[in-house]
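# Fold and geometry: a report
Single-letter residue listing:
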Amino acid sequence: MNIVVCVKQVPDTATERKLRSDDKTLDRDAADGVINELCEYAVEEALRLKEAHGGEVTVLTMGPDKASDTIRKALAMGADKAVHLVDDALHGSDALGTSYALAQTLKKIGFDLVVLGSESTDARTGVLAAMLAERLGVPQLTFANKVEVNGSSIAIQRVTDYGYDRVEATLPAVVSVVEKINDPRYPSFKGIMAAKKKPVEKLGVADAEIDAAQVGLANSWSEVADFAVAPPRAAGTVVKDEGDGGVKTADYLASKKFV
Amino acid sequence: MSEILVLVEHVEGQVKKVTLELLTLARKLGTPSAVWAGPGYSPDAKARLAEYGAETIYLADSADINDYVVAPKAELLAQLVSEKSPAAVLVAATAEAKEIAGRLAIKIDSGVLTDVVGLQDGLIADQSIFGGGVNVQSRVTKGTPIVAVRPNATPVEAAVGAGAEEQVSVTVSEAAKSARVVERVKEEKGARPELTEAAIVVSGGRGVGSAENFSIIEKLADSLGAAVGASRAATDAGWYPHQFQVGQTGKTVSPQLYIAAGISGAIQHRAGMQTAKTIIAINKDPEAPIFELADFGVVGDLHQVVPQLTDEVVKRK
């Protein structure tokens, strides 16, 4: 099975995240870039599927040069090879542009299964997997906390507000995973060393047959008109419980008309 | 006034509160039309949608729409957009509706905005990003704006609309039928409101100490008519089911009131709750970062404070 895992480099949520004042896109220099946490679960699930069913795991990322760190991490976990979609023309692409660029690349490199995290910690749109399925014309198996493959059949448990749906389809397909699905492995020293020798193919917009008029900030379907750092929350009242903490809290709730 | 399509969220034939919020919002921007997809439509549902301003209710109640993941609903909306040329399409910013919005965006070649918390004239959308750290105004620049609005972002106001029903026949394409829902499994959670759309959420964390002790959190939640949430520490420990996790890798909630008990307030958690209107924190550790966010905080043992609070809430009702 030819599995492609899409991974994204995001600013570390433990550091300050900003937008750039000039073009209102993510300031990638302000914060440390790390692999999006849910992408680690996606890589892990791809590796487990490969271990169970054979085949190959390819990491696909779209991002600037420094996103290669994220590729290395996925290769160190055990992925076989990587494709890095990197081109200045892609800067500032919105979800539609990003899904288009990734879909074009996926068509070019081929796949039986595409695996993604269900959301990134920066944009948090949660739409990319659905958009890829739409663009590729393949089944959408998203928000999975369990994935089973049997020959060309695939079934997942799709997490819902009320529990889960069991969803079935035929490969090729797009799967997105939630955190509950597995425990991602830590790269071993051997894995880290081996990752240095694994092939990373860099593709530009022309190589992947991406129409430059469909990607990038200027061609996005939406724009950030303005932004401002949110004012900090006003300091609240903090009391020490002296046997009446619950009563005081109820008083506060009453003052705000919650009770 | 131009038409605004609102995709109705419904469960077991009941219209969810977020839909009433969307209708309220749509009335300020144009003439709201409700789109009912799937089975379960009833006179009660019609009355509810009309009460909050739906002038037209488009009915596509074939079972086909419900039997496949997301794609048929996107096809239905795409069909309506091409027939009615609305000024915008509003959906709830729930996991499924955002996916519908995403697929619709591609079908009709239009921009999509997610997790919107306010919508002004000219369809300028307010978004709160980076876990509430940055406020953004954004807009769609191509096509028919598709906007996913967060539950609890809009106070509901009733204003009666005509509620004229219009049947929509939709043929679900073979491509949209490629991911079939073969079973729906409900996991028991009692009569509590849905976590992502609850007006009040009571969450427990590491300080709760055990799965059994979560009953303290549940009792407080029930006294307030609230949903129960949990921090990642609590779900990782197996004390509470994962689907109730609030945080960066879990659900995002923006309730009117959020009560965090025994939660330190690590970034992971804050990313999922800090846009709550009012935040109350109960924690033993006076240094816990959650107190930086709290409108009201109690430094104390939740095992003492929470039951006392529950008693007080019950008493004052």
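Fair warning: this is a prediction, and the values are worked out from it, not measured in the lab.

## Here's the deal with the overall build of chain B
Along chain B, the regular secondary structure elements total 9 helices and 17 strands. The C-alpha atoms of chain B give 21 Å as radius of gyration, which agrees with the globular expectation for 317 residues (20 Å, within 12%). Taken across its 317 residues, chain B has 61% of its residues classed as buried. As presented, chain B carries roughly 11400 Å² of accessible surface, and 48% of it is formed by carbon and sulfur atoms.

## Let's talk about the UniProt feature "domain: Electron transfer flavoprotein alpha/beta-subunit N-terminal" (unreviewed entry) in chain B
The positions that UniProt labels "domain: Electron transfer flavoprotein alpha/beta-subunit N-terminal" (unreviewed entry) are, in the present scheme, residues 4-185 of chain B. Helix and strand shares over residues 4-185 of chain B are 27% and 34% respectively, and the end C-alpha atoms of the span are 34 Å apart.

## A look at the pairing of strand 6 (residues 113-117) of chain A
Residue and element names in this part refer to chain A. Most of strand 6 sits out of view: 5 of its 5 residues are buried. Judged by which residues are buried, strand 6 turns out to be covered on both faces: L113, V115 and G117 on one side and V114 and L116 on the other are all buried. As defined by bridge partners, strand 1 (residues 2-7) adjoins strand 6 across 3 bridges and the pair is classed as parallel. Bridge pairing in strand 6 links V5 to V115. Bridging between strand 6 and strand 10 (residues 173-177) involves 5 bridges; their strand directions are parallel. Looking at the pairing, L116 lines up with S176 of strand 10.

## A word on unusual backbone geometry
At the junction of L171(A) and P172(A), the peptide bond is cis and its omega measures out at 0 degrees in the coordinates. At F130(B), a residue that is not glycine, the phi angle is positive and equals roughly 50 degrees. Under the relative-accessibility criterion, F130(B) is labelled buried at 10%. Of note, N152(B) is a non-glycine position whose phi angle comes to about 75 degrees, a positive value. Structurally, the position occupied by N152(B) is in the loop between strand 10 (146-149) and strand 11 (164-167). On the basis of relative accessibility, which here comes to 3%, the residue N152(B) falls in the buried class.

## Side note on helix 3 (residues 95-109) of chain A
The terminal C-alpha atoms of helix 3 of chain A, which comprises 15 residues, lie 21 Å apart, in line with the 21 Å expected from a rise of 1.5 Å per residue. G110(A) lies just past helix 3 of chain A and shows a positive phi near 80 degrees.

## What about the sheet that holds strand 16 (residues 278-283) of chain B?
Judged by pairing direction, the sheet is parallel, and its 6 strands sit side by side in the order 13(A)-17(B)-16(B)-15(B)-13(B)-14(B) without closing on themselves. Taken across any chain shown, the strands that pair with only one partner, and hence form the sheet edges, are strand 13 (237-240) of chain A together with strand 14 (227-230) of chain B. If you compare each strand with its neighbour and ignore which way they point, the axes differ by 15 degrees on average. Sheet topology places strand 13 of chain A next to strand 17 (residues 296-299) of chain B; 4 bridges connect them, and they run parallel. Bridging across to strand 17 of chain B, V239(A) finds its partner in V298(B). Helix 6 (residues 245-255) of chain A rests against strand 13 of chain A together with strand 15 (257-261), strand 16 and strand 17 of chain B of the sheet, and its axis sits at about 180 degrees to strand 17 of chain B. Across the sheet, helix 5 (residues 214-224) of chain B lies against strand 13 (200-204), strand 14 and strand 15 of chain B, angled at about 170 degrees from strand 13 of chain B, the strand it touches most.

## Concerning the state of the cysteines
Residues and elements named next belong to chain A. Under the definition given, this model contains 0 disulfides over all chains. Free cysteine: C6, not disulfide-bonded; nearest cysteine sulfur from C39 at 8.5 Å. Accessibility expressed as a relative area gives 5% for C6, which makes it buried. Of the residues examined, C39 reaches a relative accessible area of 4% and is grouped as buried.

## Some points on the interface of chain B and chain A
Each side of the interface is counted separately: chain B has 86 residues, and chain A has 76 residues. Summing the contributions of chain B and of chain A, the shared interface buries around 7000 Å²; its carbon and sulfur component is 55%. When the buried area of chain B at its contact with chain A is split by residue, I106(B), F130(B) and F296(B) rank highest and sum to 10% of it. In this structure, the connection of chain B to chain A is made through 11 salt bridges. For the salt bridge of E99(B) with R158(A), the shortest nitrogen-to-oxygen distance reads 3.0 Å. Along the contact surface separating chain B from chain A lie 47 residue pairs in polar contact (both at pLDDT 80 or more). Counting residues per element, the side of chain B that touches chain A draws most heavily on helix 4 (residues 95-107) of chain B, at 9 residues.

## Comments concerning the domain arrangement of chain B
Residues and elements named next belong to chain B. Split by domain assignment, chain B resolves into domain 1 (3-177) and domain 2 (200-316). On a C-alpha basis, the centroid separation for the pair domain 1 and domain 2 is 31 Å. If you look at the interface, domain 1 gives 6 residues, while domain 2 gives 9 residues. Here domain 1 and domain 2 share an interface that buries about 500 Å² over both sides, 44% of which is from carbon and sulfur atoms.

Conventions adopted
- Residues numbered from 1 in each chain as written.
- Chains lettered and ligands numbered in written order.
- Predicted model: local features only at pLDDT ≥ 70, side-chain atom pairs only at ≥ 80, totals over all residues.
- Heavy atoms only, no water.
- Helix = DSSP H or I, 4+ residues; strand = E, 2+ residues; numbered from the N terminus.
- Rg over C-alpha atoms; globule rule 2.2 N^0.38 Å.
- Buried < 20%, exposed > 50% of the residue type's maximum accessible area, 1.4 Å probe, protein only.
- Areas by Shrake-Rupley, 256 points an atom, 1.4 Å probe, with all protein chains shown as cover.
- UniProt positions renumbered as here; feature names shortened; annotations may be inferred.
- Pairing = 2+ DSSP bridges.
- Expected span 1.5 Å × (residues − 1).
- Axes fitted to C-alpha atoms, helices over the stretch in contact; angles between N-to-C directions.
- Contact = heavy atoms within 4.5 Å.
- Disulfide = S-S within 2.5 Å.
- Buried area = accessible area lost by both parts, 1.4 Å probe.
- Salt bridge = Lys/Arg side-chain N within 4 Å of Asp/Glu carboxyl O.
- Polar contact = N/O pair within 3.5 Å; in protein donor to acceptor, adjacent residues only side chain to side chain.
- Domains from an automatic or database assignment.

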